[in-house]
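Structure at a glance
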There are 4 protein chains.
Amino acid sequence: MASDLDVRSFSPTPEQFAWTFGGAAPIARVPSGAVLEVFTEDCYAGKVRRATDLVSEVCDFPFLNPQTGPFYIDGAEPGDTVAVHFVDLRPARDWGASTTVPLFGALTSTHLTATLQPPLPERVWIWDVDAAARECTFHALDSEHTMTLPMDPMHGTVGVAPANLEVRSALVPDAHGGNLDTPEMRSGATCYLGVNVEGALLSLGDGHARQGEGETCGTAIECAMDTVIAVELIKGVATPWPRIETDTHVMSAGSARPLEDAFRIAQLDLLQWVSASTGMSELDSYQLLSQAVESPLANVCDTNYTSVAKVGKRFLPSPSDLYGGSHARLRATAAAYLAAR
Amino acid sequence: MASDLDVRSFSPTPEQFAWTFGGAAPIARVPSGAVLEVFTEDCYAGKVRRATDLVSEVCDFPFLNPQTGPFYIDGAEPGDTVAVHFVDLRPARDWGASTTVPLFGALTSTHLTATLQPPLPERVWIWDVDAAARECTFHALDSEHTMTLPMDPMHGTVGVAPANLEVRSALVPDAHGGNLDTPEMRSGATCYLGVNVEGALLSLGDGHARQGEGETCGTAIECAMDTVIAVELIKGVATPWPRIETDTHVMSAGSARPLEDAFRIAQLDLLQWVSASTGMSELDSYQLLSQAVESPLANVCDTNYTSVAKVGKRFLPSPSDLYGGSHARLRATAAAYLAAR
Amino acid sequence: MASDLDVRSFSPTPEQFAWTFGGAAPIARVPSGAVLEVFTEDCYAGKVRRATDLVSEVCDFPFLNPQTGPFYIDGAEPGDTVAVHFVDLRPARDWGASTTVPLFGALTSTHLTATLQPPLPERVWIWDVDAAARECTFHALDSEHTMTLPMDPMHGTVGVAPANLEVRSALVPDAHGGNLDTPEMRSGATCYLGVNVEGALLSLGDGHARQGEGETCGTAIECAMDTVIAVELIKGVATPWPRIETDTHVMSAGSARPLEDAFRIAQLDLLQWVSASTGMSELDSYQLLSQAVESPLANVCDTNYTSVAKVGKRFLPSPSDLYGGSHARLRATAAAYLAAR
Amino acid sequence: MASDLDVRSFSPTPEQFAWTFGGAAPIARVPSGAVLEVFTEDCYAGKVRRATDLVSEVCDFPFLNPQTGPFYIDGAEPGDTVAVHFVDLRPARDWGASTTVPLFGALTSTHLTATLQPPLPERVWIWDVDAAARECTFHALDSEHTMTLPMDPMHGTVGVAPANLEVRSALVPDAHGGNLDTPEMRSGATCYLGVNVEGALLSLGDGHARQGEGETCGTAIECAMDTVIAVELIKGVATPWPRIETDTHVMSAGSARPLEDAFRIAQLDLLQWVSASTGMSELDSYQLLSQAVESPLANVCDTNYTSVAKVGKRFLPSPSDLYGGSHARLRATAAAYLAAR
């Protein structure tokens, strides 16, 4: 069966990274159904490697958050949806870096939440990442404390070219996906993204060995990643905001400011998805979801904030045919790939 | 051992309910260490009992969200903390009601997010609540759909008299607690509340058979509740925002608008609690929590929005002596009570 | 004619100040039509008198923003409106004080917009106030710069007891008025406040020799004030949010967070007032006001932010009978009082 | 003297309009000091001409808000500033159109402030614009009311290519300028814009015969415009956010959500501009501006909201050399041009 798989590998050279969604030429054409093995660099473009590598000194603004892609999905047109299934995510190095960045993060004033106060001190924490043991180890800088947390690899950034003729920095989350920074973007998840331009122009990057909900300090345990995805093109079905499906849950991700607008977007999109797929009225869906929904925050630090609305499939009446069964097909592709590897 | 317990029961008459935090005379004095068996009425003051009982018609504004209390905690003074342990929560009826309320909820304009649009239709959903089976069953109004969800009883409202000479409606969440509407306020949890006035003036109410994160439509599965709490007074320890401790987690609850401010408050308070109790610096605590924290939303519909910051104790270096071990003592009291019942 | 005036004077003793709206016993009963000569203390309760009087050291929290009142307006019942006309405002001393206050103001993190950064330095600026010349003079602390600005006296705080059984700190602006901090509350203006409790319980304070729009640093040129107001009770007319009328303009003041909600409240209330008084439809009023409105910010630092929507009467079709001509009657009363003084 | 002027005229063909800032090829190169006579089309691309031309039916999304430009300013490099002086603005037709647009505007839910409510009715108001009399006349749709307001022509949109490799829709206001929608962008004003890319790529459009502060319904009296600007390149001086200078005032325009962030940005930028140009410390500038500033809202409806911080030059100690005297030189150029016309 694995012999049927169309598996392709892409490991960009430094010149090949994309720094935006939209506005970058595709690095490859990919047919629906293909499996892509990709390397993604960390959000610092690999330049933060030790505690003395301060972001403000070693990084080359605006060349942050390099994306692997864009991939031109054959046949994709505005009004379609691209399904991206995360088959496997493996940190590519045995360490990851998290930092404070001047005037960036949730517990500091910023360029937008502008105050007269000086920025917080700039620091770099290098975490040990043990992919085999699936563990990440923290070393405090100001004391001898250490702490080991479970690894939970995810991609902070996945998206397509935006609508409205725009080109957005890879640091921005919005309706096109982008820098959503949600821990839900882990292996086993299928992300649905609405297509805005021919070929969709899919990119991904910003691997995290793990991340708390909200990405409070502005960065996760940032790491290069060896990732496998499987893609499928769903013709004639539009997706207004990024959606995620797993074996057990469906989710929508809203991105906006203030944070309550991100919440509203995600809740309303999930509600309308549930209403359309179950046949329940919008008001009945509003009621059921209000009692059943989980609302894990993604990021409260980026250009837009991102809130996820998430509900167990077991709490929904017969949502059997979401996106024509795309998730199940992609799961089968993933299983075949992993069995053959 | 149970014979040592100081157990008291309070089932208010309709005239005895409190509608505010602060400004109501205590209904009883309670010593530290006591166990309280209380009845709480639902947020509608029991007036919504069937699908035709529209809130705008049957409820008597501002007499909403009746509170059982306030209890005067002997010896409590400003600067102390009251610990409230939730021993047991049991829905008092075999049904619960959830409603839309005109210009209230997250997916509607409101009196504050004011628009020219008319309100959403007003509806009432009566859920079956099977306390023995620990199940709640939804019946759609516009179709034949039904769905059964796990019961997960909680109190939407618990608090003390506020600071700054204020009296707040029981519908308001803030630093004094109040209408936090977080599903984390379930049995097994200890809630720490800073004392602002002599006797603290503790009240609780607003039982929910279950609630989604964010309370999107504005109401949960609202139900009267037979609840048992155990209280302890912690002298000389201040608590700036409501905190929650369970056997496995510690949490802070921030309430404000916009929602990012509620998030910031909760994250900073948890950070400072962790820093103080572990000896890690604030910046190291910022880093560790940024990777370890969960951020479940509580409500995005009330006068203030509430965001919870939550972290597993296993992810913290030796936070052994939180509030002098109050949670463990209250757990022992709860166990003794339940064993004796 | 002046002999017909009912003129009363109130200069509170220190014990007579109110620190809240609601919850304070009235200091006098006042009939509709009366003229009140009052002394109001500054927001620091008079304790900041020189550059070394830091708020955090000399003020006695929560005893800030003392109010003169409350006045029980004879016959006022919930659903009525109290009109407060500002006849004359005169700074009572030849200086005023403005300060930074730790974690308070628009260009600093606060207890709600919580960050890890330390507060800004605490400073006190003593301005010269020359009431005869109608000038205020600034002296820079860190250089020799001075600057003289026109005096424009106003009351930061005027309000009635709030609805919903609440008692609010005098630092809070909301639907009951309170700490709106709008420069529009100057002599010649009539403020309309909806009555929530019997007697209305009107108070005022927080004089400013002048204030910029937004009160950016958190405080104006704060000064004690000798003020004259005239009050009128308007029976059977409700006022949902504070409104202001002058000879040339009508205004509404919305208070909420985030600031766009304060804006929405003010714009919608003005729109509905205009629609009701002119007979234009709501959508036509929306259109006309969108082109004609001024939107001066009041405060962006208090517990709620306040935004004012303001339109010239000459831009409105025949709004002839606003509040039954209350403003014109109060102007006549003011003229009579001033002529007789 | 006028013979020295370098005057150029540009009236774009329909194919020549730009729909973005960044990402469009320049239509002309322009030297510093030139005077440009331009035609700008209205924000509907001229497609709304009568009351039955509903935006959702006649407009061709995303081809909204056509910009005249971009102009490549000779010698402009990142880190420089382009000064754009508005010499003359004259509505090009004898009517202007304002509309409601589904889910757009301040008093409606939107795609971001997402609710379950249906959109407001879609309407078109055609205003008479009498450029000679400098008057605009409103005709109510639902009644016989009419109202004439003073004309006050302005450009809603002026900007340069954004930073960070981005291309933004012409509907977006941000640090690069764009769709600020402030009535302050009228004749006599000089707008300073920081250069992000070679040639700056200056465009303008979105003429308004007049606009209220906040652009509450989402659109102004939208009109095509015959406009004259004069441009100057200021080398080696960066401008972080758009600034405006008139003969009497200096201003900064901040754009963000929530609205308080737009306010903070504008206030802090004006403060830092004042501090740098007067030599007063930042804290002294904070104090002086807090008492002297005006804070007129620009828009509370666009992708970002825009708040202006404005202060009279007479309230500032000797700000004599702002941008090296650029405004005075451009005023002289404008005077020479107008004298020669």
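As shown above, the structure is provided for reference.
Quick look at the structure, then. (Residues numbered from 1 in each chain as written. Chains lettered and ligands numbered in written order. Predicted model: local features only at pLDDT ≥ 70, side-chain atom pairs only at ≥ 80, totals over all residues. Heavy atoms only, no water.)

Let's talk about helix H3 (residues 282–292) of chain C
- With 10 of its 11 residues buried, H3 of chain C lies for the most part within the structure.
- If you check which residues of H3 of chain C are buried, you get Leu283, Asp284, Ser285, Tyr286, Gln287, Leu288, Leu289, Ser290, Gln291 and Ala292 of chain C.
- Contacts from the buried residues of H3 of chain C go to helix H2 (259–278) and strand S21 (305–312) of chain C together with strand S7 (95–99), strand S8 (124–130), strand S9 (135–139) and strand S10 (146–150) of chain D. (Buried < 20%, exposed > 50% of the residue type's maximum accessible area, 1.4 Å probe, protein only. Helix = DSSP H or I, 4+ residues; strand = E, 2+ residues; numbered from the N terminus. Contact = heavy atoms within 4.5 Å.)

A word on the interface of chain C and chain B
- Taken together, the contact pairs 28 residues of chain C with 28 residues of chain B.
- Interface of chain C and chain B: buried area, both sides summed, is about 2400 Å²; carbon and sulfur atoms make up 67% of it.
- It is Leu112, Leu116 and Leu165 of chain C in chain C that bury the most area against chain B; as a group they hold 26% of the surface buried on that side.
- Remark: the boundary between chain C and chain B carries two salt bridges. (Buried area = accessible area lost by both parts, 1.4 Å probe. Salt bridge = Lys/Arg side-chain N within 4 Å of Asp/Glu carboxyl O.)

Some details on the relation of the copies chain C and chain B
- By a simple turn and slide, chain C fits onto chain B: the slide is 0.0 Å along the axis, the RMSD is 0.0 Å, and the turn is 180 degrees. Here the two chains are linked by the operation of a two-fold rotation axis. Within chain C, the C-alpha atom positioned nearest to the axis of rotation is that of Val167 of chain C, 2.3 Å from it.
- A high fraction, 100%, of the interface residues of chain C reappear at the interface in chain B, so the copies pair face to face through one surface. (Least-squares fit on C-alpha atoms with pLDDT ≥ 70 in both.)

Quick look at the interface of chain B and chain A
- Taken together, the contacts link 63 residues of chain B with 64 residues of chain A.
- Roughly 5200 Å² of surface becomes buried between chain B and chain A when both sides are summed, with 64% attributable to carbon and sulfur atoms.
- Our enumeration of links across chain B and chain A arrives at zero salt bridges.
- Our enumeration of links across chain B and chain A arrives at 42 residue pairs in polar contact (both at pLDDT 80 or more).
- Of the residues contributing to the side of chain B that touches chain A, the split by class is 33 nonpolar, 21 polar and nine charged. (Polar contact = N/O pair within 3.5 Å; in protein donor to acceptor, adjacent residues only side chain to side chain. Nonpolar A, V, L, I, M, F, W, Y, C, P; charged D, E, K, R; others polar.)

What about the packing of helix H2 (residues 259–278) of chain D against helix H3 (residues 282–292) of chain D?
Residue and element names in this part refer to chain D.
- Where H2 meets H3, the axes come as close as 9 Å, and the angle between the chain directions of the two elements is 120 degrees. Classified by the interaxial angle, the pair formed by H2 and H3 is oblique. Crossing of H2 against H3: the hand is right-handed. Where H2 abuts H3, its residues Leu270, Leu271, Gln272, Val274 and Ser275 lie against Glu282, Ser285, Tyr286 and Leu289.
- Of the residues assigned to the contact of H2 with H3, the class counts are five nonpolar, three polar and one charged. (Axes fitted to C-alpha atoms, helices over the stretch in contact; angles between N-to-C directions. Parallel < 35°, antiparallel > 145°, perpendicular 65-115°, else oblique. Left-handed = near helix turned anticlockwise from the far one by under 90°.)

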